[in-house]
Amino acid sequence: MGHVMDLGLRGKVAIVTGGSEGIGRATAILFAQEGASVAIGARRQGPLDEAREAVEAVGGDCLAMSMDVTSDDDCERLVAATIERFGGVDILINNAGQSSSGMIESHDIETWAVDLDLKLYGAIRLAKLCAPSMRERGGGRIVNLLNIGCKTPGAGSMPTAASRAAGLAMTKALSKEVAADQILVNAACIGSVDSAQWHGFHEAQMPDATYEEFLDSVGERIPVKRIGTSEEAANMIVFLASGAASFISGCAINIDGGASPAW
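A. Structural view of the pattern of salt bridges. Overall, the coordinates contain 14 salt bridges when judged by the stated rule. Between Glu21 and Arg44 there is a salt bridge; the shortest N-O distance is 3.1 Å. Residue Glu21 is located in the loop between strand E1 (13-17) and helix H1 (22-33), and its partner Arg44 is located in the loop between strand E2 (37-42) and helix H2 (45-57); the two are separated by 23 residues in the primary sequence. Where salt bridges share partners, they join Asp49, Arg52 and Glu56 into one cluster.

B. Layout of the environment of Thr160. Within the fold, Thr160 resides in helix H5 (residues 160-178). Taking the C-alpha atoms as reference points, Thr160 and Glu34, separated by 126 residues in sequence, lie 32 Å from one another. When sequence neighbours within four positions are dropped, the list of residues in contact with Thr160 reads Gln98, Ser99, Ser100, Asp115, Lys119 and Asn147.

C. Molecular detail of the nonpolar core. Formed by 34 residues in total, the largest nonpolar core has its most connected members in Phe31, Ile40, Ile93, Val143, Leu145 and Ile237. Those elements that provide at least two residues to this core are E1, H1, E2, H2, strand E4 (91-94), strand E6 (140-147), strand E8 (183-190) and helix H8 (230-240). A total of seven residues in this core trace back to one element, the largest contributor, which is H1. What Ile237 contacts, discounting residues up to four positions off in sequence, is Ile23, Thr27, Ile93, Val143, Leu145 and Ala188.

D. Representation of the packing of aromatic side chains within the structure. As enumerated under the stated definition, the model contains two aromatic pairs in all. Geometrically, the ring pair formed by Trp198 and Phe201 is edge-to-face, given 5.1 Å between the ring centres and 80° between the ring planes. One end of the pair, Trp198, and the other, Phe201, are both in helix H6 (residues 198-205), three residues apart, so they sit about a helical turn from each other. The exposure class of Trp198 is buried, given its relative accessible area of 10%. Ring geometry for Trp198 against Phe214: centres 5.9 Å apart, planes inclined by 45°, an arrangement best described as tilted. Placement of the pair is Trp198 in helix H6 and Phe214 in helix H7 (residues 211-219), with a sequence separation of 16 residues. Chaining the aromatic ring pairs together yields one cluster made of Trp198, Phe201 and Phe214.

E. Just the packing of H1 against H8, in detail. In the contact formed by H1 and H8, the axes pass within 8 Å of each other and the chain directions differ by 55°. Relative to H8, the element H1 lies oblique. Regarding H1 and H8, the two cross each other, and that crossing is right-handed. Contact residues: Gly22, Ile23, Ala26, Thr27, Leu30 and Phe31 in H1; Ser230, Glu231, Ala233, Ala234, Asn235, Ile237 and Val238 in H8. Its residues assigned to classes, the contact of H1 with H8 shows eight nonpolar, four polar and one charged.

F. View of H1. End to end, H1 covers 17 Å across 12 residues, agreeing with the expected 16 Å (1.5 Å per residue, within 8%). Across the 12 residues that make up H1, a large majority, nine, are buried. Positive phi appears at Gly35, one or two residues downstream of H1, with a value of about 95°.

G. Structural detail: empty space enclosed by the protein. All chains considered together, the criterion is met by one cavity of 30 Å³ or more. A volume near 90 Å³ is recorded for the largest cavity. Together, 16 residues line the largest cavity, and Asn94, Ala96, Lys119, Ala123 and Arg164 are the ones closest to its centre. Residue assignment for the lining of the largest cavity shows that the elements contributing at least two residues are helix H4 (109-136), E6 and H5. If one sorts the elements of the lining of the largest cavity by residue count, H4 sits on top with five residues. Residues of the lining of the largest cavity, tallied by class, amount to seven nonpolar, seven polar and two charged.

H. Local environment of the pairing of E6. Among the eight residues of E6, seven are classified as buried, and the element is accordingly described as predominantly covered. Taken together, the eight bridges between E6 and E8 define a ladder with parallel strand orientation. Within E8, the residue paired with Arg141 across the bridge is Leu184.

The rules behind the values
Residues numbered from 1 in each chain as written. Predicted model: local features only at pLDDT ≥ 70, side-chain atom pairs only at ≥ 80, totals over all residues. Heavy atoms only, no water. Salt bridge = Lys/Arg side-chain N within 4 Å of Asp/Glu carboxyl O. Helix = DSSP H or I, 4+ residues; strand = E, 2+ residues; numbered from the N terminus. Contact = heavy atoms within 4.5 Å. Core = buried A, V, L, I, M, F, W, Y, C linked by side-chain atoms within 4.5 Å. Buried < 20%, exposed > 50% of the residue type's maximum accessible area, 1.4 Å probe, protein only. Phe/Tyr/Trp six-rings, centres within 6.5 Å; stacked < 30°, edge-to-face > 60°. Axes fitted to C-alpha atoms, helices over the stretch in contact; angles between N-to-C directions. Parallel < 35°, antiparallel > 145°, perpendicular 65-115°, else oblique. Left-handed = near helix turned anticlockwise from the far one by under 90°. Nonpolar A, V, L, I, M, F, W, Y, C, P; charged D, E, K, R; others polar. Expected span 1.5 Å × (residues − 1). 1 Å grid on protein atoms, 1.4 Å probe; cavity = no way out; pocket = protein on both sides within 12 Å on 5 of 7 lines; lining within 4 Å. Points joined across faces, edges and corners; volume = space filled by probe spheres on them. Pairing = 2+ DSSP bridges.

If you want it as C-alpha cells, here you go:
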C-alpha cells in the first residue's frame, strides 16, 4: 500500500495574490482542500467573488479582498485583515502579475517602472509585511511565482524577463536572510501553463484558430507535447508551501513540461 503524504497544512493560513483566476485560484482551492485558511487578493471584485465561492465550495474558509499589490496601503490592509480574521500568516504566495514583453525600443521607462512595481516590488511589500507574523508563529513559507524566462531570457522578453530575474535574486537572498527563523523561500518558474492571459495571447497570435487549436500549436513546442494546467502548477506551489517541503529553500523550480534549457 502506498504512503499517503500529509502536507501538514491543516490550520495554516495562506495569502495568495492574483488569487481570483488561473494559477492563483487553483492554488487557493488546493490550499483549502488541504485544510488551510486562505486570503486571496486581486484587483477585480467579480472574479474575486467567484474564486471565494469556489474555495468555500470545497469547505475552505476564505477572505477575499479587492487590492492592488502596487499600493502600500492595499498590501497592509490585506495582511492586517488576514491576521485579524485568522490569527496570523504562515504562507505567502506572490502570484500577482501579467506578461509584458517587447523589443527594448518599444517600451518607455514608465512601462518598465509599472512592471517592476507589480512583479518585484509587490512581492517585496508583502514579504516585508508577512515575515513578522511568520517569525512569531515559528516559521513560514514564501513562494514567488516567476517564469522560465527569468533564467533564460530571449529577445523581446522584457520587461517581464528582467523583473522576473530580479525576483529570482530576491528569492535567493531572502531565503538566506530568514532561514534561521524557519521561513523557507522558493520560486516556481512557470512555463506554458493555461491561465486567463492565454486568451489574450490567442487573440494576438492565432486569431483565426480556435482556442484549442492555438493551445495545441503551443504544446507542439514543449517536450511533453502539451501546455500545463493551472492545477498542475498549483500542485508544486502548494507542495513548496507545505510541511512536506521542510528542507527546501532558495530553489527555483521549473513548472514547464521540460521546456526550459536551464534547470
